[in-house]
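Each chain, written out:
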Amino acid sequence: MPEAVIVAHARSPIGRAAKGSLKDIRPDELSRQMIAAALAKVPELDPKDIEDIHWGIGQPGGQGGYNIGRVLAVELGHDHIPGVTVNRYCSSSLQTTRMALHAIRSGEGDVFISGGVESVSSFGISGGADGLPNSKNPIFDEAIARTDKTAEGGAGPWHDPREDGILPDVYIAMGQTAENVATYTGISREDQDRWGVRSQNRAEEAIKSGFFEREIDPVTLPDGTVVSTDDGPRAGTTYEKISQLKPVFRPDGTVTAGNACPLNDGAAALVIMSDTKAKELGLTPLARVVATAATGLSPEIMGLGPIEAIRKVLKVSGMALSDIDLVEINEAFAVQVLGSADVLGIDHDKLNVSGGAIALGHPFGMTGARITTTLLNNLQTHDKTFGIESMCVGGGQGMAMVLERLS
């Protein structure tokens, strides 16, 4: 059975939504530039050999609509390549890698482009997500009302709404899920804030060392300006500063702008092929995709999704957590990273060693491929072999992947 290997990657800088460096570039153009950058790193590859483009996006509408995966193939000038758009919210582009893995192992193709994009800046543009009618199923109205009431304050410890005879709120705002995780786990505001400071400080150290320069491919904006650095990291962040921020989602809550990710724009691409094709082309792969896994849990505590996802991917791969050198858990919120890591017993010294989404940002459809790029960068930097990436996923899911560094 052929193995799936990553031979190239490219990720854009991450911009702050609506006011950041990438607010004026379309998501399809941003994606096109990243795919072109990744392909430029494997000149041995004939584009005619590319089987498919699998592209992830968390909000597939507006400028990111019309099956952006196929749109990209045409924009790249490769009309022969089909394309598909995938939505698994925060893990959309990790799902695209999973699809490439499955296709390669089943013998249905040798070369795939995977990755994803999110342009939160374009959501409000005509035809974007903000302009769509309310399409929520009314069978969740009771659960939505419970969430709204809880958001007003005075919430007790989270408990499964099914105990009250109602469905969980599948449409719940992610910030509310983070507050639910905080009450469910008992993780304090102080612990969340200190993790937020850690993320910013680690990212600041990584920037100073040139770490992110090794993984970011510059983006050219419509006006010719070139962007090559992330907007998000805040140098000199301290606990004293973050601890003064007010809760965002509940008046008596613990989740603030300092311990949660911002809204962002960005794109990332991977070139994935069979190990036999890589050998035929004389390429030295960067990494092997060992295994992937997806799991589900109550939408109202979706932040704990990495727990079962990591357990499952370790089982599928026949490995133990002790075999893993580095772990990346997407920092949608500090509380869900801490809650997941504590249950699994993950050594914090191995976790998000160059900071995470609290500092860098979380463009939903980009994040899976961005974390893959950062994980590979860290494995190379620290001369380690095995890594796990994982994230919680809106709607009550978790995903995880094990990678083996090869070069």
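Residues numbered from 1 in each chain as written. Predicted model: local features only at pLDDT ≥ 70, side-chain atom pairs only at ≥ 80, totals over all residues. Heavy atoms only, no water.

> Mind showing me how you'd approach the overall build of the chain here?
A tally of regular secondary structure across the chain gives 12 helices and 12 strands. When burial is assessed residue by residue, the chain has 59% of its 407 residues classed as buried. Within the chain, counting contacts between residues at least 6 apart in sequence, those at least 24 apart form 81% of the total. Just so you have it, the chain exposes about 15,900 Å², and 50% of that area is on carbon and sulfur atoms. Computed over 36 positive and 52 negative side-chain charges, the separation of the two mean positions in the chain equals 2 Å. (Helix = DSSP H or I, 4+ residues; strand = E, 2+ residues; numbered from the N terminus. Buried < 20%, exposed > 50% of the residue type's maximum accessible area, 1.4 Å probe, protein only. Contact = heavy atoms within 4.5 Å. Areas by Shrake-Rupley, 256 points an atom, 1.4 Å probe, with all protein chains shown as cover. Lys, Arg positive; Asp, Glu negative; His and termini not counted. Charge placed at Lys NZ, Arg CZ, Asp CG, Glu CD.)

> Got a minute to help me understand the packing of aromatic side chains in this structure?
How two aromatic rings sit relative to each other is set out by the distance from centre to centre and by the angle between their planes. If you walk through the whole model with that rule in mind, you get three aromatic pairs. Aromatic side chains F140 and Y171 sit 5.4 Å apart centroid to centroid with 80° between the ring planes, which places their arrangement in the edge-to-face category. Placement of F140 in the loop between β5 (111-119) and α4 (141-151) and of Y171 in the loop between α4 and α5 (174-185) is noted, with a sequence separation of 31 residues between them. Y171 gets classed as partly exposed once you look at its relative accessible area, which sits at 31%. Ring geometry for F211 against F212: centres 5.0 Å apart, planes inclined by 85°, an arrangement best described as edge-to-face. Take F211 and F212: they sit in the same class, and that class is buried. Positioned over the ring face of Y239 is R194, at 3.9 Å from the centre of the ring. (Phe/Tyr/Trp six-rings, centres within 6.5 Å; stacked < 30°, edge-to-face > 60°. Lys NZ or Arg CZ within 6 Å of the ring centre and 35° of its normal.)

> Looking at this structure, how should I read helix α10 (residues 334-344)?
Residues that lie three or four places apart on an α-helix share one face, since the helix turns once every 3.6 residues. With nine of 11 residues buried, α10 is to be regarded as a mostly interior element. Of all the positions in α10, only A334, V335, Q336, V337, L338, G339, S340, A341 and L344 are classed as buried. Looking at the buried side of α10, the elements it contacts are α5, α6 (189-208), α9 (305-317), β10 (326-329), α11 (357-360) and β11 (386-393). In the segment just after α10, G345 is the residue with positive phi, at about 75°.

> Which parts of the structure should I look at to understand the pattern of salt bridges?
A side chain with one charge can pair with a side chain of the opposite charge if their charged atoms come near. Per the stated rule, a full pass over the model turns up 18 salt bridges. Residue R189 is joined to D193 by a salt bridge in which the shortest nitrogen-to-oxygen separation is 2.6 Å. Pair noted here: R189 and D193 are both in helix α6, with a separation of four residues, about one helical turn. Its relative accessible area of 1% is what places D193 among the buried residues. Measuring nitrogen to oxygen at the nearest pair gives 3.2 Å for the salt bridge that ties E280 to K277. Of the two residues, E280 and K277 both sit in helix α8 (residues 275-281), three residues apart, roughly one turn of that helix. When salt bridges with common partners are traced through the structure, they connect E3, R105, R288 and E404 into a single cluster. (Salt bridge = Lys/Arg side-chain N within 4 Å of Asp/Glu carboxyl O.)

> Help me understand the pairing of β10 in this model?
If a strand is regular, its side chains alternate between the two faces of the sheet. Burial along β10 is two-sided: the residues L326 and E328 and V327 and I329 are all buried. Note that β10 and β11 share four bridges and pair parallel. The partner of E328 across the bridge, within β11, is E389. (Pairing = 2+ DSSP bridges.)

> Which parts of the structure should I look at to understand the nonpolar core?
Side chains of nonpolar character tend, in soluble globular proteins, to be buried together. Counting 39 residues, the largest nonpolar core has I310, I324, F333, I346, L351, I388 and V402 as the members making the most contacts within it. At the level of secondary structure, the elements contributing two or more residues to this core comprise α5, β9 (287-296), α9, β10, α10, β11 and β12 (397-405). Leaving out residues up to four positions away in the same chain, I324 has contacts with L314, M319, K350, F386, G387, I388 and V402. (Core = buried A, V, L, I, M, F, W, Y, C linked by side-chain atoms within 4.5 Å.)

By themselves, these figures tell us nothing about what the structure is for.
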